[in-house]
Amino acid sequence: MGSPIYAFGDFRLDPRARELSRLGEPVVIAASAFDCLVYLIEHRQRAVGRDELIAAVWGRSDVSDNLLAQTIVRLRRALDDASGEQRCIKTMARVGYRWMPETTVLSSSLPEAGIAQGEHRGARDTQERPAHSMRVRRPLLIALALTIAVAIGYMAWQLANIHPAAAPMHFKDGTAVVLPAEVSATDDWNWLHLGLMDMLSTQLRAAKVPTESSRDVLNLLHQSGNAQLASFALVVTPHVALSDNRWHVQLDAKAKDGRRWQAESSSDDVLAAARTASDLLLVQLGYASGASPSAGGDSLLQYLLRVEAAQLAGQPEVAHRLIDDAPPAMRHTPELEYAQAELYCAEAKLDACEQSLGDLRARVSATDKPVLRGKILTSLWFPYRRKGQYAEGVAALDEAVRLLQGQKDNEALGNAYLDRSHLEFYQGKLDEATLDLGRARVNFALAGDTVGQAKVDRAMGEIALRRGQYNAALTLLQHAYEQYQRMGMRQLFSSALDALANTQKLALRYPDELATTDQYWPFERKHMDFLDHYVRHQLSITRAVALADNGRSADAVSLLESTLAAASGDEEASLRALISMHLAKLALDRDDTPGALQWIGKAMAGNALADDGDPSDYAEAGYVNVVAAQRAGKIDELKRAIAAMQAWSERLPKQNDAVAMWLLRAKAIEAWSEGQHDQALQQLKTAMTAADASGEPEAIVDVGRSYASALLAAGHVDQAVAISGRLSEWAGVDWRAAWVESRVLQALGQGAAADKARSKAQQLAGDRSLPSSADGML
């Protein structure tokens, strides 16, 4: 008769072929777990003592109970017996373990090696395998393993016994994630919980397995627990245990379709064991090993992983302390200094970030460490962006891209393309930015970086917004935000929500704009305490604008004033100027001309907006300055303001349509104040044509309000009617469009209809005062 095959539940176990299957699908378990299972089933009529099981499986008695317990835990997990019910393997108090399921013994058609013809083993479930059989085979197996280890090493032996996948596992519809490691060791090894997770993620990515970053996975787990894990193509759970000064690492991997793999390794060095287990898992998945030890050796790699673990755990102070207390031989390595620079940048410590990265840029050569230098150059985009030094930033990113193109780090190359696109966007080079975003998306897809791809969507949304493609912009930005939510990337919510609210404002979707800011406001209740002060103040401005757009200008003023009081430091000079400009606009809405002059004077002082802000913001501030001067009757100040706007616009590196529109409107005010009404109307007509060409509802309504008012003041009622008709689609959502409608109806002698339209305008304006007809075109 052939060798026995055991069947229990949905499982079938073939000891001779060393195969465990469930419903015909292979179940991969470690060799030690397989031997435990065989021994327990073969001795299922009784409880098996711990010492007996250790001796039978490991061939020696110096294996700890902890390692045995870990093996049983993993075996139960493979058998879906980890719920605590112990339906398969029952723990017998003070004894050991016993196999519980009803088990049927089948037989294979092949004769069993080592048994003479005519001999056979009983096939009845009640018959026990002779005890001497295990005693004979176990020493032979041990001797064989030792012989192989001496000849080609333990790693080669394991690789020889792992059957690679017939074809690499495909990740067309998903990515891999590595979960935090389950660590059984003393507290000083707790850093392995996240450090090993990050190391294994890096190794999988290096082998071309698209794998989410550790930070993204941690945010996902924090946001939704394990609920979203089923959506990933592969989930890897690391287990690491220290027993008798020897590390044992086991990786359990499960695919979306239910397939499972397992790899394990032991070593005196935990990182060596983790690397070997990772290589073995990759072989089973059909991939070649990709990662190699750190150039600085395992001691430096281990230290860097501890620093990264502290960062991932949200403990920057611990990360700083680790760096400061590093051994002298490590403290001044470029790898550790780069980790510290990244900490400074993440904490928005602009000066320290720039200084550290600048020092590293001077020290690290492209020849010795091309990837590290590429990452350093990429990180420099942040200080260049904050300082408005876009050309210098693009030059640094150009070098980063050249260095990283020949390397095997898709994530680093994707970040270089993405950050270069940001700087190109700020320079108004939208075509170049779009091309770089396409390259970034490809590299993030190859790296399995879902969050990176969502960042590309957000950036593409902002480009669509700049081009007047509002529906496309809203779709892209909403998708980016939803991806951030799915991945639990709360620290990225701010950029997506800020861009989304701004787009909704420009599309005149005011209730949506306010609802978007509700997602982060108030910061304390929405647990947004991780935001740095600069981002907080930026989001506060966005919130205040949304309040004003929804008729709550008093609340907007209060929030802007409190934000202005909190904003400090040179790096926030442009934010303070922007706040002052918004306060000036709100003062004009209240017909508070002296207040408007005071606030706009603060906004224009020091050229902070001109040097560091968005050009369209500075142009709008210049226009507000002109309006305030005109209302105050300060014609000389008005002329100086326009001359300053003109000179500044001529210095811009590239024509900006929004700037041109603001300048035209300012010049129209000057012409009107000098009695040159036809010239003013022509300038406003040109501005209206430009607004229509932009497709931006906000610009169309704002310019249309000025143009229609001027036409009415000049007696051109028919043309004003046409402009009112152009704005009519927004008369139900925007007070300016409704107000123009009321003015036109009044001019046409439709008093009742005009009163109704004015009532609608006041309802939409909220606590804002509607302009009087004497305001003319302002």
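Below: a short report on this structure. (Residues numbered from 1 in each chain as written. Predicted model: local features only at pLDDT ≥ 70, side-chain atom pairs only at ≥ 80, totals over all residues. Heavy atoms only, no water.)

### A closer look at the overall build of the protein chain
As a reminder of what qualifies: A run of DSSP states H or I qualifies as a helix once it reaches four residues; a run of E qualifies as a strand once it reaches two. Both are numbered from the N-terminal end. Residues are treated as being in contact if the distance between any of their heavy atoms lies within 4.5 Å.
The number of helices and strands found in the protein chain is 34 helices and 13 strands. The long-range fraction of contacts in the protein chain, counting pairs at least 24 apart against all pairs at least 6 apart in sequence, stands at 59%.

### Examining unusual backbone geometry
A cis amide bond links tryptophan 521 to the next residue, proline 522, at an omega of -10°. In this structure, arginine 18 is a non-glycine residue whose phi angle is positive, near 55°.

### Regarding the pattern of salt bridges
Here is the rule we go by: Any Lys or Arg side-chain nitrogen located within 4 Å of an Asp or Glu carboxyl oxygen qualifies as a salt bridge. Partly exposed residues are those whose accessible area sits between 20% and 50% of the maximum for their type, while under 20% is buried and over 50% is exposed, using a 1.4 Å probe and protein chains only.
Within this structure, the stated rule accounts for 36 salt bridges. Ionic pairing is found between glutamate 182 and arginine 77, a salt bridge with its closest N-O pair at 3.9 Å. Of the two residues, glutamate 182 is situated in strand E10 (residues 182–184) and arginine 77 in helix H3 (residues 65–78); the sequence distance between them amounts to 105 residues. The class of glutamate 182 is partly exposed, set by a relative accessible area of 40%. Here aspartate 457 ties to arginine 441 by a salt bridge, and the two come within 2.2 Å at their closest N and O atoms. With a gap of 16 residues between them, aspartate 457 in helix H18 (residues 450–466) and arginine 441 in helix H17 (residues 430–447) connect regions that are remote in the sequence.

### Let's talk about the packing of aromatic side chains
Under the convention used in this document: Ring geometry is summarised as follows: Phe, Tyr and Trp rings, the Trp one being its six-membered ring, pair when their centres sit within 6.5 Å, and such pairs are stacked at plane angles under 30 degrees, edge-to-face over 60 and tilted between the two.
Tallied over the full model, the rule gives ten aromatic pairs. Ring centres of phenylalanine 425 and tyrosine 426 lie 5.7 Å apart, and the angle between their planes is 70°; this geometry places the pair in the edge-to-face category. In this structure phenylalanine 425 comes out as buried when scored by relative accessible area, which is 11%. For the ring pair tyrosine 520 and phenylalanine 523, a centre distance of 5.9 Å and an interplane angle of 15° mean the geometry is stacked.

### Focus: the pairing of strand E6 (residues 89–92)
So the rule is basically this: Any two strands between which DSSP finds at least two bridges are classified as paired.
Two strands pair when backbone bridges link them, and E6 and strand E7 (residues 96–99) are joined in this way by four bridges, in the antiparallel orientation. Bridging across to E7, methionine 92 finds its partner in glycine 96. Turn length for the E6-E7 hairpin, with the two strands adjacent in sequence and antiparallel, is three residues, and the turn residue arginine 94 shows positive phi of about 65°.

### Section: the packing of helix H13 (residues 370–379) against helix H15 (residues 390–405)
Under the convention used in this document: Interaxial angles span 0 to 180 degrees and are taken between N-to-C directions of axes, which are lines fitted to C-alpha atoms, for helices over the stretch in contact. Angle categories: roughly parallel below 35 degrees, roughly antiparallel above 145, roughly perpendicular from 65 to 115, and oblique for all the rest. For any pair of crossing helices, the crossing counts as left-handed if the nearer helix is rotated counterclockwise from the farther one by less than a right angle, and right-handed if it is rotated clockwise. Ten residues, namely Ala, Val, Leu, Ile, Met, Phe, Trp, Tyr, Cys and Pro, are considered nonpolar, four, namely Asp, Glu, Lys and Arg, are considered charged, and the remaining ones, Gly among them, are considered polar.
The contact between H13 and H15 brings their axes to 8 Å, and the two run at 155°. Judged on the interaxial angle alone, H15 and H13 are roughly antiparallel. H15 is crossed by H13, and the crossing has left-handed handedness. Where H13 approaches H15, its residues Pro370, Val371, Arg373, Gly374, Leu377 and Thr378 are matched on the opposing element by Ala396, Leu397, Glu399, Ala400, Leu403 and Leu404. A per-class count over the contact of H13 with H15 returns eight nonpolar, two polar and two charged.

### Quick look at the nonpolar core
Applicable threshold: Grouping buried Ala, Val, Leu, Ile, Met, Phe, Trp, Tyr and Cys residues that are joined through side-chain atoms within 4.5 Å yields what is termed a nonpolar core.
Counting residues in hydrophobic clusters, the biggest one holds 50 residues, and the most contacted among them are Ile541, Leu560, Leu583, Ile600 and Val626. Counting residues per element, the ones that place at least two in this core are helix H22 (533–549), helix H23 (553–566), helix H24 (573–589), helix H25 (593–604), helix H26 (608–612), helix H27 (615–631), helix H28 (635–650) and helix H29 (657–673). Broken down by element, the residue count for this core peaks at ten residues, all from H24. Excluding residues within four positions of it along the chain, leucine 583 makes contact with Val557, Leu560, Glu561, Leu564 and Trp599. One finds Leu229, Ala255, Ala274 and Leu280 within the second-largest nonpolar core, a separate group that totals 48 residues.

### Observations regarding helix H1 (residues 31–42)
Selection criterion: Expected span of a helix, by definition, is 1.5 Å for each gap between consecutive residues, and there is one gap fewer than residues.
In a regular helix each residue adds 1.5 Å, so twelve residues correspond to 16 Å; H1 covers 17 Å between its end C-alpha atoms and thus fits that length. Along H1, the residues classified as buried are Ser32, Ala33, Phe34, Asp35, Cys36, Leu37, Val38, Tyr39, Leu40, Ile41 and Glu42.

### Regarding the packing of H27 against H28
Running from N to C, H27 and H28 cross one another at 165°; their axes reach a closest spacing of 8 Å. The pairing of H27 with H28 is recorded here as roughly antiparallel in orientation. Pair H27 / H28 crosses with left-handed handedness. Across the interface between the two elements, Pro615, Tyr618, Ala619, Gly622, Tyr623, Asn625, Val626, Ala629 and Gln630 from H27 touch Glu637, Leu638, Ala641, Ile642, Met645 and Trp648 from H28. Within the contact of H27 with H28, the residues separate by chemical class into eleven nonpolar, three polar and one charged.

### Description of the environment of isoleucine 89
For isoleucine 89, the position within the fold is in strand E6. Taking relative accessible area as the criterion, isoleucine 89 reaches 0% and is therefore assigned buried. Along the primary structure isoleucine 89 and leucine 79 are separated by ten residues, whereas in three dimensions their C-alpha atoms are 9.4 Å apart.

### Points about the pairing of E7
Pairing of strand E5 (residues 48–49) with E7, which is carried by two bridges, proceeds in the antiparallel orientation. Bridge pairing links glycine 49 to glycine 96 in E7.

### Focus on helix H7 (residues 270–285)
Over its 16 residues, H7 runs 23 Å from end to end, which matches the ideal 22 Å to within 8%, given 1.5 Å per residue. Within H7, 15 of the 16 residues are buried, which leaves the element mostly enclosed by the surrounding structure. Just downstream of H7, glycine 286 is the residue with a positive phi angle, here 90°.

### Examining the sheet that holds E5
Read from one edge of the open sheet, three strands run E5-E7-E6, paired in antiparallel fashion. Bordering the open sheet on either side are E5 and E6, each of which pairs with just one other strand. The strands touched by H3 are E6 and E7; relative to E6, the strand with the most contacts, the crossing angle is about 150°.

### What about the side chain of serine 649?
Within the element layout of this structure, serine 649 appears in helix H28. Apart from residues no more than four positions distant in its own chain, serine 649 is found in contact with Val659 and Leu663.

### Re the side chain of arginine 331
The test is simple: Here a polar contact means two N or O atoms within 3.5 Å. Within protein one must be a hydrogen donor candidate and the other an acceptor candidate, and residues neighboring in sequence count only if both atoms are side-chain atoms.
For arginine 331, the location among the structural elements is in helix H10 (residues 328–331). Note on arginine 331: relative accessible area 17%, which makes it buried. At 3.1 Å, the side chain of arginine 331 forms a polar contact with the backbone oxygen of isoleucine 323. Within polar-contact distance, the side chain of arginine 331 engages the side chain of glutamine 340 at 3.1 Å.

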